[in-house]
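Analysis of the macromolecular model
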Amino acid sequence: MSKSVLIVEDEENIRDTLVELFDVPTNLTTQAATLDEALAALKADGFDLIVTDLRLGGKRDGGLQVMAASGLLSPDATVIVLTAYPDEDNRFASLRLGATHFLEKPVDLATIAGLAAQAGVQTAMDASKT
Amino acid sequence: MAEVPFERRVLDALPLTIWTTDPDGRITSTHGSWNRFALENGAAELARPGNVIGQLVFDAFADRGSREQAERAMQLIRSGRSERVSWEFPCDAPWESRVFLMQVTAIRAPDDHVVRGFVFATVDITPNHASREVLLDAGIALSRAIDLERLYAEVGLQVQRAIRCDGLCLALADDETAALRVQYSTGYQGTTRALESRLMPIWLDALANGRVVVSGLDQGLELTAPMTTTEGVLGVMTAWTTNAHSPSDLEATQRLMASLAAQTAAAIERAWLVRRVEQKRRLEAIGEVATGVAHELRNPLFGISSAAQLLQFRVGQDAVVERNVGRILREVDRLNRMVTSLLEYGRPAALRLAEGDPDSVWDELLEDQRPLLDARGLLVHRVRALPGAQCQIDAEQLAQVFLNVFVNACDAAPAGSTIYIQSQVLTTGTWRFRITNGGVAIPPEVLPRVFEIFFSTKSGGTGIGLALCQRIVEDHGGTIGIESTPEDGTTVTITLPALL
């Protein structure tokens, strides 16, 4: 059974890397570079796993809006928040909006892969091991 | 005025001059002191009372300003707008500048209150006036001088003006040891050390008794005034003068010295405060920039490490890739540590103070760091304060400071050498800690900069560690300093306020 994954990240290099991490035959991966793209994707499909940045472009709370929308549109999704600006307010707000994990950049890809595996989502790291 | 003999006698004995005049200002009488006064002030022709009686009072004044002032005063009183008019006027005798206070009052008829004449009374207020002016000027000058060097020079100038001294020195009490050290001297020959040892007993006398001490020299006199503030003893000020002083002059000079010392103490304290505030502002500004940069670095760091990790997994078992990805990740790790300490520096955690003994923080640290010591074959020789100190400390943040200086000491110490750790509680209510290691001394040009942020001579050093240490120690109200010589090695001294 395939899993649907949404990657929301405004920085191209990082977004590409994350997309590559989830690039395995069992996943359907969608990527969004802006809040608007992310909201459009959430409206179009349900997701099993959402990996989102907290700041999107100029929007400090872009990630929080993504979380609010996913809480309504993909209520069962595992939501991993990545941020270079970890502070208690953001952590608290994220967890209240349904984020499952709040991770500080830079974080090991292996950590993200591990959390994805818990949600039943495979990654390139699992694939290369097998 | 001359009707009552006793009053007249008293009047004659007073050290002031009194004239009475008719309504037009013609002098009708003078009292006995006038004669002496006129002689002393170089106006022998006016000395005999008969020589001034009948003259217009205006002619007795040497300067035009006073003549006009006298006329105005009489008009004011005549018109009823004022009952008494007084003003100060300079009257230079041939050998010195003097200042007088003139007071004019009305003589009124008892029945109809019509002005029948005037009383002109003059008193010499030279010393008070001069010192008030000097103090005023000194106050203004000192309030402008915020830079310490300029402040000292300004004090020198003002004291010179006030006392006409030949030499001046300012000694301030060392924060830590309370020993008095000369910070500024002018006009004195010989070494600072010699001056200190000669003057020390006088300084201590002045401080112990809280007064200006006058001591004799082969040539002239020395006046030493204590400089104290609400915080306690700041230091002392000694002026040396070869100008002979009469006993009354000396008394006035002593008062002047005491006031100047008080003003100087306040100015020095203010300069220190300003310096601290500026330093703090600078650090806060640096902290803000550091925080912003640090956060922005985390995104590219994540990008680099993620790409490297993906590469590692994709390629699989390739020794060359493995080794080089390892290098990339280690460097990322290092950068990330730098970012983390930058963030700590830029946004310091508030202190969570609790009463504690800083030496017990060391106990724990030394226990934890045993492997580091063993690895380098280092020995620790420790002497600790007994009984232990009671300080208000944030044990966690202090541990970070101690670890930093400890690791630095271990890194610099030659393998197999001994690191000396010593703490004591000083009588000034200070816990003082010293850690000394041997090895190559820190170059003198580097030494003053070691606590500067981003200053590092270690390869791979960020220049944040010691800057952060300084911030934490200063947040505790303490100090951190470093000394380094080839003979004595390198010593870091940390002090914290302790309860006595």
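The structure presented is a predicted model; accordingly, all values stated were derived computationally and were not measured.

With respect to the overall build of chain A
A count of helical and extended segments in chain A gives six helices and five strands. Helices and strands appear in chain A in the N-to-C order β-α-β-α-β-α-β-α-β-α-α. Going through the 130 residues of chain A one by one, you find that 42% of them count as buried. For chain A, the proportion of contacts with a sequence separation of at least 24, taken over those separated by at least 6, is 61%.

Focus on the interface of chain B and chain A
Tallying the contact residues gives 16 residues for chain B and 17 residues for chain A. Only helix H8 (247–315) and helix H9 (319–346) of chain B provide two or more residues apiece to the side of chain B that touches chain A. The dominant element in the side of chain B that touches chain A, judged by the number of residues it contributes, is H8 of chain B, at 13 residues. Across the side of chain B that touches chain A, the residue classes break down as six nonpolar, eight polar and two charged.

Topic: the sheet that holds strand E2 (residues 27–32) of chain A
Residues and elements named next belong to chain A. Taken together, the five strands give an open sheet; going across it, the order is E2-E1-E3-E4-E5, and neighbouring strands pair in parallel fashion. Each having just a single partner strand, E2 and strand E5 (101–104) make up the two edges of the open sheet. Neighbouring strand axes in the sheet, compared pairwise and without regard to direction, differ in orientation by 15 degrees on average. Pairing of strand E1 (residues 3–8) with E2 involves six bridges; the strand directions are parallel. By the bridge assignment, Ile-7 is partnered in E2 with Gln-31.

Topic: the packing of helix H10 (residues 358–368) of chain B against helix H12 (residues 395–412) of chain B
Residue and element names in this part refer to chain B. Where H10 contacts H12, the two axes come as close as 10 Å, and the packing angle between them is 60 degrees. Taken together, the axes of H10 and H12 are oblique relative to one another. Between H10 and H12 lies a crossing whose hand is right-handed. Along its contact with H10, which presents Pro-358, Val-361, Trp-362 and Leu-365, the element H12 presents Ala-395, Leu-398, Ala-399, Phe-402, Leu-403 and Phe-406. Its residues assigned to classes, the contact of H10 with H12 shows ten nonpolar, no polar and no charged.

Re the confidence of the model for chain B
Close reading of the predicted structure is inappropriate where its pLDDT is low. Per-residue confidence for chain B gives a mean pLDDT of 83, with 88% of residues at or over 70. For this predicted complex, the interface score ipTM comes out at 0.85, alongside a pTM of 0.50.

Side note on the sheet that holds strand E8 (residues 213–216) of chain B
All names here are of chain B. As summarised here, the arrangement of the five strands in space is E7-E6-E10-E9-E8, forming an open sheet in which the pairing is antiparallel. Edge positions in the sheet fall to strand E7 (180–186) and E8, since each has one partner strand and no second. Taken over all neighbouring pairs, the strand axes of this sheet differ in orientation by 20 degrees on average, direction set aside. The strands that helix H6 (residues 148–163) touches are strand E6 (167–173), E7 and strand E10 (232–241); relative to E6, the one it contacts most, it runs at about 135 degrees. Helix-sheet contacts for helix H7 (residues 192–209) involve E6, E7, E8, strand E9 (221–229) and E10, and the interaxial angle to E7 is about 110 degrees.

Details of H12 of chain B
Each turn of an α-helix holds 3.6 residues, which means side chains three or four residues apart point in the same direction. All names here are of chain B. Compared with the 26 Å implied by 1.5 Å per residue over 18 residues, the 25 Å span of H12 between its first and last C-alpha is a close match. Inspection of H12 places Gln-397, Leu-398, Val-401, Phe-402, Val-405, Phe-406, Asn-408 and Ala-409 among the buried residues, and these make up the whole buried set. Against the buried residues of H12 lie H10, strand E13 (390–393), strand E14 (418–426), strand E15 (430–437), helix H13 (465–475) and strand E17 (489–499).

The rules we used
Residues numbered from 1 in each chain as written. Chains lettered and ligands numbered in written order. Predicted model: local features only at pLDDT ≥ 70, side-chain atom pairs only at ≥ 80, totals over all residues. Helix = DSSP H or I, 4+ residues; strand = E, 2+ residues; numbered from the N terminus. Buried ≥ 20, exposed ≤ 12 C-beta atoms within 10 Å, placed from the backbone. Contact = placed C-beta atoms within 7 Å. Nonpolar A, V, L, I, M, F, W, Y, C, P; charged D, E, K, R; others polar. Pairing = 2+ DSSP bridges. Axes fitted to C-alpha atoms, helices over the stretch in contact; angles between N-to-C directions. Parallel < 35°, antiparallel > 145°, perpendicular 65-115°, else oblique. Left-handed = near helix turned anticlockwise from the far one by under 90°. pLDDT = per-residue confidence, 0-100. Expected span 1.5 Å × (residues − 1).

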